[in-house]
Amino acid sequence: LHRIIVDDFTDSISYLLMASTFNTDKKNHMGFHKYFMDKSDSMWARGKSMMEYVLKRGGKMGKGFQIPPLNAGNALADLDYSNEMKSLAVSVDLLKARAEDSLVAYMHAYRKGDMRSENQSFDPATAHVLEELSESFSAEIRET
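Residues numbered from 1 in each chain as written. Predicted model: local features only at pLDDT ≥ 70, side-chain atom pairs only at ≥ 80, totals over all residues. Heavy atoms only, no water.

Before going further, it helps to spend a moment on the overall build of the protein. Looking only at helices and strands, one finds four helices and zero strands in the protein. Its helices and strands taken in sequence order, the protein reads α-α-α-α from the N to the C terminus. In the protein, of all internal contacts separated by at least 6 residues, the share reaching a separation of at least 24 is 74%. In the structure as shown, the protein presents an accessible area of about 9000 Å², 56% of it carried by carbon and sulfur atoms. (Helix = DSSP H or I, 4+ residues; strand = E, 2+ residues; numbered from the N terminus. Contact = heavy atoms within 4.5 Å. Areas by Shrake-Rupley, 256 points an atom, 1.4 Å probe, with all protein chains shown as cover.)

Once that is clear, we can look at the pattern of salt bridges. Side-chain pairing between opposite charges can occur once the charged atoms of the two side chains come close. In total, this model carries eight salt bridges according to the counting rule given. Arg-98 is the salt-bridge partner of Asp-7, the closest N and O atoms lying 3.2 Å from each other. Pair noted here: Asp-7 is in helix α1 (residues 2-21) and Arg-98 is in helix α3 (residues 84-109), with a separation of 91 residues, a long-range link. With respect to class, Asp-7 is no different from Arg-98; both count as buried. Glu-140 is the partner of Lys-39 in a salt bridge, and the nearest nitrogen-oxygen pair spans 2.9 Å. In this pair, Lys-39 is assigned in helix α2 (residues 30-56) and Glu-140 in helix α4 (residues 124-143), connecting sequence segments 101 residues apart. (Salt bridge = Lys/Arg side-chain N within 4 Å of Asp/Glu carboxyl O. Buried < 20%, exposed > 50% of the residue type's maximum accessible area, 1.4 Å probe, protein only.)

Counting 25 residues, the largest nonpolar core has Ile-5, Tyr-15, Met-18 and Leu-130 as the members making the most contacts within it. When contributions to this core are tallied by element, the ones reaching two or more residues are α1, α2, α3 and α4. (Core = buried A, V, L, I, M, F, W, Y, C linked by side-chain atoms within 4.5 Å.)

Another aspect to go through is the packing of aromatic side chains. If you walk through the whole model with that rule in mind, you get seven aromatic pairs. Three or more aromatic residues joined by ring pairs form one cluster here, namely Tyr-15, Phe-22, Phe-32, Tyr-35 and Phe-36. (Phe/Tyr/Trp six-rings, centres within 6.5 Å; stacked < 30°, edge-to-face > 60°.)

Right, let's get into the packing of α2 against α4. Think of two packed helices as two axes; the pair is described by the angle between the axes and how far apart they sit. Look at α2 against α4: their axes get within 12 Å of each other, and the N-to-C directions meet at 175 degrees. Between α2 and α4, the interaxial angle falls into the category roughly antiparallel. When α2 is examined against α4, the residues Lys-39, Ser-42, Met-43, Arg-46, Met-50 and Tyr-53 are found in contact with a partner set consisting of Ala-125, Thr-126, Val-129, Leu-130, Leu-133, Ser-136, Phe-137 and Glu-140. Considering only residue class, the contact of α2 with α4 consists of eight nonpolar, three polar and three charged. (Axes fitted to C-alpha atoms, helices over the stretch in contact; angles between N-to-C directions. Parallel < 35°, antiparallel > 145°, perpendicular 65-115°, else oblique. Nonpolar A, V, L, I, M, F, W, Y, C, P; charged D, E, K, R; others polar.)

Taken N-terminus to C-terminus, the directions of α1 and α2 make an angle of 165 degrees; their axes are 8 Å apart at the nearest point. As the angle between them shows, α1 and α2 are arranged roughly antiparallel. For the pair α1 and α2, the sense of crossing is left-handed. The residue makeup of the contact of α1 with α2, split by class, is 13 nonpolar, six polar and five charged. (Left-handed = near helix turned anticlockwise from the far one by under 90°.)

Following this line, the structure appears as structure tokens:
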């Protein structure tokens, strides 16, 4: 769940950067600016609500919580959002990656095993939250 939170906040910043490229003196495309600002706000809200869920259940975010994480595989500068089509493609790619991450976490939350084993991670409440998250990503991918 911590990785999902960090990725949501990182993607929010990515959408913010994309939005800023369409609101300059040279390129003033306010429709795209508003679209990506809305995406940024929704990703930030998702990350915030997931963080609230983790903290409500007694989890901690840790001392090394940083956005984006150190030694992250994909840097924000690696994304090519130089025009409208590339920005929309990056948006779909980010959403697909988040949907895939939520599916992996969902499968982990439903993993049953020996109740005394450390590999047992059965948590129906978290699985339900992740299922709703996955559905919201699916709907957003279809809209994009």
